[in-house]
Amino acid sequence: MTLARLKHLLPLALLIAGLLALWAFGLRRDLSWASLSRHQAELLAAVAARPVETGSVYIVVYAILVACSVPEAAIVTVAGGLLFGTVIGCALTVTGATIGASILLVVVRSAFAQTLDRHRHRIPEQVRIRLERDGFGYLLALRLVPLFPFWIVNLAAAVAGIRLAVFVPATLLGIAPASFVLSSIGAGVGTILAEGRTPDLSVLFSARVLLPLLGLAVLSLLPALLRRRPGAHA
């Protein structure tokens with residue numbers, strides 16, 4: 001194996017090492033409502049004592065979870081609202097999630113560059129042209145609607161060849177609304193956890209939340225849809 005190939009595989013190896021560390025230290029096991037309930041008092045005390053340091057740790061942990069595609073990120077988002085409040089918790093979550101998703105994109109492209117190049121020709125040329133021209137709108141629409149698993153969208157963006165300069169702002173803006181909703185749930189979840197109950201996150205999929213998000217998704221696709229009209233300029 002060439003040195004260049006080893007360099008391409010290094011990011012993937014680091015990501016796998018991070019994933020193994022999550023399991024080795026039991027972090028994945030601790031991502032539960034019961035664990036958050038048990039530790040909320042000490043976590044709140046830590047945030048009150050060192051808000052900047054704990055906020056930084058939160059961003060790093062969230063980025064690692066997203067980069068490793070750990071599905072319990074919603075619990076951490078709610079925890080962010082509980083610990084830092086709705087606005088700051090949302091900002092920290094969006095920052096960590098965007099960093100983690102960007103790391104995953106870079107890792108996939110670096111480790112599987114040759115495979116992606118070999119199979120990218122299977123994407124029809126017209127689709128590739130549209131993704132290059134309107135990739136921001138398409139990715140933003142997918143991010144806005146919480147029906148699509150976050151990690152699948154990350155991998156799809158890597159396969160489609162969406163540039164990092166497009167990926168980052170579309171992710172940052174697209175995940176903000178749902179993150180705000182979950183953070184606002186977290187801001188008032190302390191009593192529910194103290195009583196041993198589980199927060200109801202189904203509000204994220206209720207009509208009053210999902211319909212506005214769908215509307216925003218359609219608006220983000222509007223430029224691409226207008227360009228596809230008969231007679232419209234490419």
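Conventions we followed
Residues numbered from 1 in each chain as written. Predicted model: local features only at pLDDT ≥ 70, side-chain atom pairs only at ≥ 80, totals over all residues. Heavy atoms only, no water. Salt bridge = Lys/Arg side-chain N within 4 Å of Asp/Glu carboxyl O. Buried < 20%, exposed > 50% of the residue type's maximum accessible area, 1.4 Å probe, protein only. Helix = DSSP H or I, 4+ residues; strand = E, 2+ residues; numbered from the N terminus. Arc of directions from axis to C-beta. Polar contact = N/O pair within 3.5 Å; in protein donor to acceptor, adjacent residues only side chain to side chain. Phe/Tyr/Trp six-rings, centres within 6.5 Å; stacked < 30°, edge-to-face > 60°.

(A) The pattern of salt bridges, seen in detail. Using the criterion set out here, one finds one salt bridge in the structure. Ionic pairing is found between R50 and E53, a salt bridge with its closest N-O pair at 3.6 Å. Relative accessible area serves as the criterion here: at 41%, E53 is assigned to the partly exposed category.

(B) Representation of helix 10 (residues 164-174) within the structure. For helix 10, the complete set of buried residues consists of V166, F167, A170, T171 and G174. Buried residues of helix 10 fall within an arc of 115° about the axis and therefore sit on the same side. Projecting away from the buried face of helix 10 at angles above 90 degrees are the exposed residues A165 and L173.

(C) Spatial organisation of the side chain of S220. On the secondary structure map, S220 appears in helix 13 (residues 207-227). Polar contacts involving the side chain of S220 include one to the main-chain carbonyl oxygen of A217, which spans 2.6 Å.

(D) Representation of the environment of A41. One can find A41 in helix 3 (residues 33-49). When the C-alpha positions of A41 and L83 are compared, they lie 9.7 Å apart, and in sequence the two are 42 residues distant.

(E) Looking closely at the packing of aromatic side chains. Tallied over the full model, the rule gives two aromatic pairs. An angle of 50° between the planes, with centres 5.9 Å apart, marks the rings of Y58 and Y62 as tilted. Of this pair, Y58 and Y62 both sit in helix 4 (residues 51-67), four residues apart, which is roughly one turn of that helix. Among the residues examined, Y62 registers a relative accessible area of 5% and is labelled buried.

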